[in-house]
Every structure is written in C-alpha cells, then in structure tokens.
Amino acid sequence: MENFLKRELRSTYVKKVESAGGGCISDGASYDTDNCGKVFVKVNKKSEAQRMFIGESASLDAILNTKTVRVPKPVKVFPHPDGTGSMFVMEHLDIKSLRSHQSRLGEQLARLHLHNSALKTRQGKEESRIGSGSADKSGDTCNETSSYVDKFGFDVTTCCGYLPQDNSWCKNWVEFYTRQKLGQQLDLIEKDYGDREARELWSQLQRCIPKMFEGLEICPALLHGDLWGGNVGETDSEPVMFDPASFYGHSEYELGIAGLFGGFSGAFYSSYHKLIPKASGFEKRHQLYQLFHYLNHWNHFGSGYRGSSLSIMRKLVKGS
C-alpha cells in the first residue's frame, strides 16, 4: 500500500503510522508522507465508493471555503489498487471526542449556516453601489470567489451513509425536501419492502408538509448533511466536523440527526440558537427532518427502524 500511495501522491516517503479500524461504511489508516504531511486514508471496497468519496471531498472543500468551522482538507480520490472500490486521502487531524468545544461548535455551525445569507447581503450591497455608480474601491477581496447560492441542492452527488442523495438544484425547499429527500427514501422502501402502511402514510403526509412551512422564508444554507455525534470531535484547540454529505438546504434540517443519537450538549444548542433562533413551528419540522434519518437507517440497516419511521409519520399526519 505504501508504494501505491507514493505513486498516487507523488511522494518519495510514505509510512503507515496508525490504523483507525473500521467504521460503519469505510476503513481508515494514517500515513506520514514527505510532501503532504500526515494524511488519513479512507478505504471502501464497494463499487459506489468513488462516487461517495468524490461527494465527501466536494463537501469538505465547500465547508473549508466558508472559513467557519474546521474540517480535514481533502487531498485526492483514486481507485483502489486491486480494482475494487476507492480510496480517499485527506489531511490527518488528531481528533478526540467533543467535550471542551461544544459551545464553540454550536456557534461555528450557525456561522456556517449563515454564510450563504451573508453572501446574499454582501452581493445586494455591491449591486446597489454599482447601480448608483459608486463601486467599492476598498480592495476588500474577502469571499471574492464566492457568490450567493439561490437554490437548494449541490453540484455533485453526496451520500448519506452509502446511499446517493438526489442533489439536483431546485428553487423550492418544500418541493426539494419532499421529493428529493423523503420521496427518494420512501421509493427505496417501496422497492425493497413494499410496505403498505408506509405507502399509505406517505400519501397522507405529502399533503400536510406545505402547512409546516407557511410564513417561513428559507435561505439556502450550506449543510454538513450528516451531523451526528460520531461525525464531530475536537483537537486540542478547536472543534472539528468530518464525514460530511453536504448540500444547500434549510438550516433546521441539520439538527434532525443531531438530536437522534446524542453527543451534543445544551451549550452546543444554546450557542447555535443564539445566532439562529428557533422559528415558529420548529418542533414539528424537527420531527419531519428526523424522519429522513429514520428512513435512511431503515434503508441501510433494515426494518428495525420501521417502527420509529412510521411512528413519526403517524404523529405528523395526526397533528396537521
């Protein structure tokens, strides 16, 4: 493996220094190199691994460009040397469990979610100045290569787990989430399980969803996309996020899976909501966003997640 990495990374020195063992989706190990520093290499032998890693790399790049929260810097995605699966090389970070920096992560996540909105405000001011014939001559180049994203989706396919997400751009969040997030998951359940109750509840729930967003103006926010406790940590100096499945969506969506499996303290939520307060109807939409992740787990791990998925659907239909 060292010789293969030397060729791919154009290094003269590559040495394995530690193994991270296997996760739910991929295996990983760290290597010292002479030209890339210490790197972390993820390995996945599934046929769809290259698509998954390309999406993760694009997600990391997008988050890095906001300069809001630390994520590993991606280096390269390439096929596995034995011809099966793919490998993803990224910056190695000495990450431990999230403890000291919960509050800071909450603030930084909110700033990530507000970044695109800030670009919209900045763009509007610049257009106003240009329109009045007084363009800004200050030489401020901050975010000069960034522009406001006015749609929901992403430029590439990203995977939540190993399942690809339909990130085709859409102007309307309710349509995007209903059709391309929930609808895609329920199509897979129909294909694999033919679950009659899921089918009937989905038919009812689709009619209820628009009401949950009445009076709400949603600015597309760049999301991590899979922000559960296992995908965050900290170095000695700052919080870190990793394993993203990004797209532009509603900021509230991010907190759906965050609340399912723990790992986030009251300080995290307090700091987050200080910058992005809860809007009216938050709790019901929070359940709607958790539904996606229960359905996604049903599709990944089997019908043990059926009961939780259908329970949320029943509550949302009954409470509409």
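As annotated in an unreviewed UniProt entry, the protein carries the name protein-ribulosamine 3-kinase and is attributed to Holothuria leucospilota. Taken directly from UniProt, the Sequence similarities (unreviewed entry) text for the protein runs: "Belongs to the fructosamine kinase family."

Draft legend 1. Looking closely at the environment of Val156. Tracing the chain through its elements places Val156 in the loop between α3 (102-131) and β6 (159-160). Separated by 155 residues in the primary sequence, Val156 and Ser311 place their C-alpha atoms 33 Å from one another. If sequence neighbours within four positions are ignored, Val156 has contacts with Gly55, Ala58 and Asn167.

Draft legend 2. Geometry of helix α5 (residues 196-208). For α5, which comprises 13 residues, the first-to-last C-alpha distance of 19 Å matches the rise-based estimate of 18 Å (1.5 Å per residue) to within 8%. What α5 keeps buried is the set Ala198, Leu201, Trp202, Leu205 and Cys208. Where the residues of α5 are buried, they touch α4 (173-193), α8 (282-301) and α9 (306-318). Backbone nitrogen of Glu197 and a side-chain oxygen of the N-cap are separated by 3.2 Å at the start of α5; the cap is Asp195.

Draft legend 3. View of the packing of aromatic side chains. Counted according to the given criterion, the structure contains 21 aromatic pairs. Relative to Phe247, the ring of Phe176 lies with its centre 5.8 Å away and its plane at 35 degrees, an arrangement referred to as tilted. Separated by 71 residues along the polypeptide, Phe176 in helix α4 and Phe247 in strand β11 (residues 247-249) bring together distant segments of the chain. Note on Phe247: relative accessible area 0%, which makes it buried. Where Trp228 meets Phe261, the ring centres are 6.3 Å apart and the plane angle is 80 degrees; that geometry is what we call edge-to-face. With Trp228 in the loop between β8 (221-223) and β9 (232-234) and Phe261 in the loop between α6 (254-258) and α7 (266-275), this pair connects stretches of sequence that are 33 residues apart. We classify Trp228 as partly exposed; its relative accessible area is 32%. In this structure Phe261 comes out as partly exposed when scored by relative accessible area, which is 38%. Each residue in the set Phe152, Trp173, Phe176, Tyr177, Phe213, Phe247, Tyr253, Tyr289 and Phe292 is aromatic and connected to the rest through ring pairs, giving one cluster. One cation-aromatic arrangement involves Lys46 over Tyr162; the distance from NZ or CZ to the ring centre is 5.1 Å.

Draft legend 4. Seen up close, the side chain of Gln180. Within the secondary structure, Gln180 sits in helix α4. At a separation of 3.0 Å, a polar atom in the side chain of Gln180 contacts the main-chain carbonyl oxygen of Asp166. From its side chain, Gln180 meets the backbone oxygen of Ser168 in a polar contact 2.9 Å long. Excluding its chain neighbours within four sequence positions, the residues that come into contact with Gln180 are Asp166, Asn167, Ser168, Cys170 and Glu175.

Draft legend 5. Here's a closer look at the layout of surface pockets. The volume enclosed by the largest pocket comes to roughly 1100 Å³. Considering the residues around the largest pocket, the lining is formed by 42 residues, among which Lys42, Gly230, Asn231, Phe242 and Asp243 are closest to the centre. Elements with a minimum of two residues in the lining of the largest pocket: β1 (14-22), β2 (27-33), β3 (38-44), α2 (49-66), β5 (86-91), β6 and α8. No other element matches β1, which puts five residues into the lining of the largest pocket. Of the residues contributing to the lining of the largest pocket, the split by class is 19 nonpolar, 15 polar and eight charged.

Draft legend 6. Representation of the pattern of salt bridges. By the definition in use, this model includes 19 salt bridges. One salt bridge in this structure joins Glu175 and Arg179, with 3.2 Å as the shortest N-O distance. On the criterion of helical spacing, the pair formed by Glu175 and Arg179 is a turn pair, its members being four residues apart in helix α4. Judged by its relative accessible area of 40%, Glu175 is partly exposed. The exposure class of Arg179 is partly exposed, given its relative accessible area of 46%. Connected via shared salt-bridge partners are Asp195, Glu197, Arg306 and Arg314.

Each value, and the rule that gives it
Residues numbered from 1 in each chain as written. Predicted model: local features only at pLDDT ≥ 70, side-chain atom pairs only at ≥ 80, totals over all residues. Heavy atoms only, no water. UniProt positions renumbered as here; feature names shortened; annotations may be inferred. Helix = DSSP H or I, 4+ residues; strand = E, 2+ residues; numbered from the N terminus. Contact = heavy atoms within 4.5 Å. Expected span 1.5 Å × (residues − 1). Buried < 20%, exposed > 50% of the residue type's maximum accessible area, 1.4 Å probe, protein only. Polar contact = N/O pair within 3.5 Å; in protein donor to acceptor, adjacent residues only side chain to side chain. Phe/Tyr/Trp six-rings, centres within 6.5 Å; stacked < 30°, edge-to-face > 60°. Lys NZ or Arg CZ within 6 Å of the ring centre and 35° of its normal. 1 Å grid on protein atoms, 1.4 Å probe; cavity = no way out; pocket = protein on both sides within 12 Å on 5 of 7 lines; lining within 4 Å. Points joined across faces, edges and corners; volume = space filled by probe spheres on them. Nonpolar A, V, L, I, M, F, W, Y, C, P; charged D, E, K, R; others polar. Salt bridge = Lys/Arg side-chain N within 4 Å of Asp/Glu carboxyl O.

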